[in-house]
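Here's the letter readout for the chains.
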Amino acid sequence: MDKYIITGGHRLSGRVRVHGAKNAVLPIMAASVLAGDRCRIYDCPNLSDVAHTIKILECLGCRVTFSESILEIDSSDISSWEIPEELMREMRSSIIFLGALAGKMGRARMCSPGGCELGNRPIDLHLKALRELGLVIKEENGFIEANAERMHSGDIHLSFPSVGATENIILASVCLNGETTIFNAAKEPEIVDMCEFLNKMGAKIEGAGTEFIRITGVAHLSGTEHKIMPDRIVAATLMCGAMTTKSEIELLNVRSAHLGAVVSVLRDSGAKIEFFKDKMYIRAPERTGSVDMIKTQVYPGFPTDAQSPVMAALCFGGGTSVIVENIFDSRYKIIPELKKMGADILQDGRVAIIKGQKLSGAHVRAMDLRGGAALTVAALGAEGVSEISGIHYIERGYVDLDKMFSALGADIKKTN
Ligand code: EPZ
């Protein structure tokens, strides 16, 4: 299996471009089946999750080409509403096809996504909302069968602003007669990007990015073109790489509005951060300061996906920082791996207490996507050589993270 070999302690410098957002392109790829036409997507990141979703689209009868970050999806001849079990099990976020297939084909069949490395990943909010819209969903033997014959528009009140559930409701209702309103909708920027894509296809969606989203059903959607928003978590990860190596770097293709909570925390720990249009300059302090309390929350609060890379940065700081992970129930698998590098972290349930230390290189293993990215930024700042295995997790959400950092002067190699 591939691994990273990193010799830490090198200061970084220069500039690097942030690629398109994984969590925007995945729902947009699902949304493309609603076009029954050709869609062209620019700045599509070449990730394993994208490759996986392309396989799903092809199984459904879509024709897909992908080169030079341009993804073309032709769903004119979509013929199936069933996702093969092995593809569904690989990536739980494929549940987003439930709403899209119900909306386009009137039917859907897939296996239940089950859990993942972040722990139990329930879909009760998705199923409850779609059933309230009249989707008949049978769950048996680990499979979900859905029939949309009796679907209707209506008001949906989410008990929690789930990103995926919000996306599924929108995808299922864009072509339903009448108005569907989502109360307590998720406000993440990736939902806004998906809705911009759908509106360019002819949908009528208002309020994306707020807690009230109104979808007025239309009879027909058609193909369009769209450029994927920058990946705010990749940007946050690169910023944390600057922090652990005490560097000054420039990021291209960022949106300051998407990074507010992360910027606030890193400024509290001593970073100088400035934005100029779609560029950012970050200069790390010689000694990273502690941060009293970071609580992960739904957008625009501190993003759970940036929690692990920021934890790695705080390991190098002076003083004591506290993190509370409120979104996922097992996003601390990275702690024992950071401890192998000398980190001083106490965990009690959702709370992690980090005392700044010097870290040393070690052999560590990535257990999930953002944990793997965090180990990478920790190794860049640690003294000596680190070996990170399990980097297939990292490649789900980062295009050539090793090359991004080596372009900034890091000593990082990918081997198998
Ligand atoms: C999306 O996951 C992202 N994934 C996640 O990014 C991100 O961490 C998360 O939103 C929060 O921002 C994609 O967009 C592909 P949720 P999603 O539904 O939709 C619970 C990454 O690293 N919940 O908002 O699954 C759930 O268990 C990934 O890029 C229910 O209880 O997030 C979790 O505790 C990781 N029932 C919380 O809500 C449900 O029906 C947030 O889940 C649905 C969710």
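Note that the structure is a prediction, hence the values are computed from the model and not measured.

Cut-offs applied
Residues numbered from 1 in each chain as written. Predicted model: local features only at pLDDT ≥ 70, side-chain atom pairs only at ≥ 80, totals over all residues. Heavy atoms only, no water. Near = heavy atom within 4 Å. Polar contact = N/O pair within 3.5 Å; in protein donor to acceptor, adjacent residues only side chain to side chain. Areas by Shrake-Rupley, 256 points an atom, 1.4 Å probe, with all protein chains shown as cover. Helix = DSSP H or I, 4+ residues; strand = E, 2+ residues; numbered from the N terminus. Nonpolar A, V, L, I, M, F, W, Y, C, P; charged D, E, K, R; others polar. 1 Å grid on protein atoms, 1.4 Å probe; cavity = no way out; pocket = protein on both sides within 12 Å on 5 of 7 lines; lining within 4 Å. Points joined across faces, edges and corners; volume = space filled by probe spheres on them. Axes fitted to C-alpha atoms, helices over the stretch in contact; angles between N-to-C directions. Parallel < 35°, antiparallel > 145°, perpendicular 65-115°, else oblique. Contact = heavy atoms within 4.5 Å.

**Looking at the site of the ligand**
Step number 1: Around the ligand sit 23 residues, and of these Asp124, Leu125, Ser162, Asp305 and Ile327 come closest.
Step number 2: Within the side chain of Asn23, a nitrogen or oxygen atom sits 3.0 Å from an oxygen atom of the ligand.
Step number 3: For the ligand, a nitrogen atom lies 2.7 Å from a polar atom in the side chain of Asp124.
Step number 4: Protein coverage of the free-state accessible area of the ligand, which is 830 Å², stands at 86%.
Step number 5: Of all elements in the fold, only α1 (22-31), α5 (124-132), α6 (163-173) and α12 (369-381) reach the threshold of two or more residues within the shell around the ligand.
Step number 6: Across the shell around the ligand, the residue classes tally to nine nonpolar, seven polar and seven charged.

**Quick word on the layout of surface pockets**
Step number 1: By volume, the second largest pocket is sized at about 280 Å³.
Step number 2: Lining the second largest pocket are 16 residues, with Thr244, Lys246, Phe316, Lys358 and Gly381 positioned closest to its centre.
Step number 3: For the lining of the second largest pocket, the per-class residue count stands at two nonpolar, eight polar and six charged.

**Section: the packing of helix α8 (residues 232-244) against helix α10 (residues 307-314)**
Relative placement of two packed helices is described by the angle separating their axes and the distance separating the axes.
Step number 1: Across the interface, α8 lies against α10 with an axial gap of 9 Å and an inter-helix angle of 5°. By the criterion of interaxial angle, the relationship of α8 to α10 is roughly parallel. Listed contacts from α10 to Thr237, Cys240, Met243 and Thr244 of α8 are Pro309, Val310, Ala312 and Ala313.

**Quick notes on the packing of α8 against helix α9 (residues 260-268)**
Step number 1: As a packed pair, α8 and α9 sit with axes 11 Å apart at the nearest point and diverge in direction by 10°. It follows from the interaxial angle that α8 and α9 lie roughly parallel. Contacts from Ala236, Met239 and Met243 of α8 reach α9 at Val262, Val263 and Leu266.
Step number 2: When the residues that make up the contact of α8 with α9 are grouped by side-chain class, the tally is six nonpolar, no polar and no charged.

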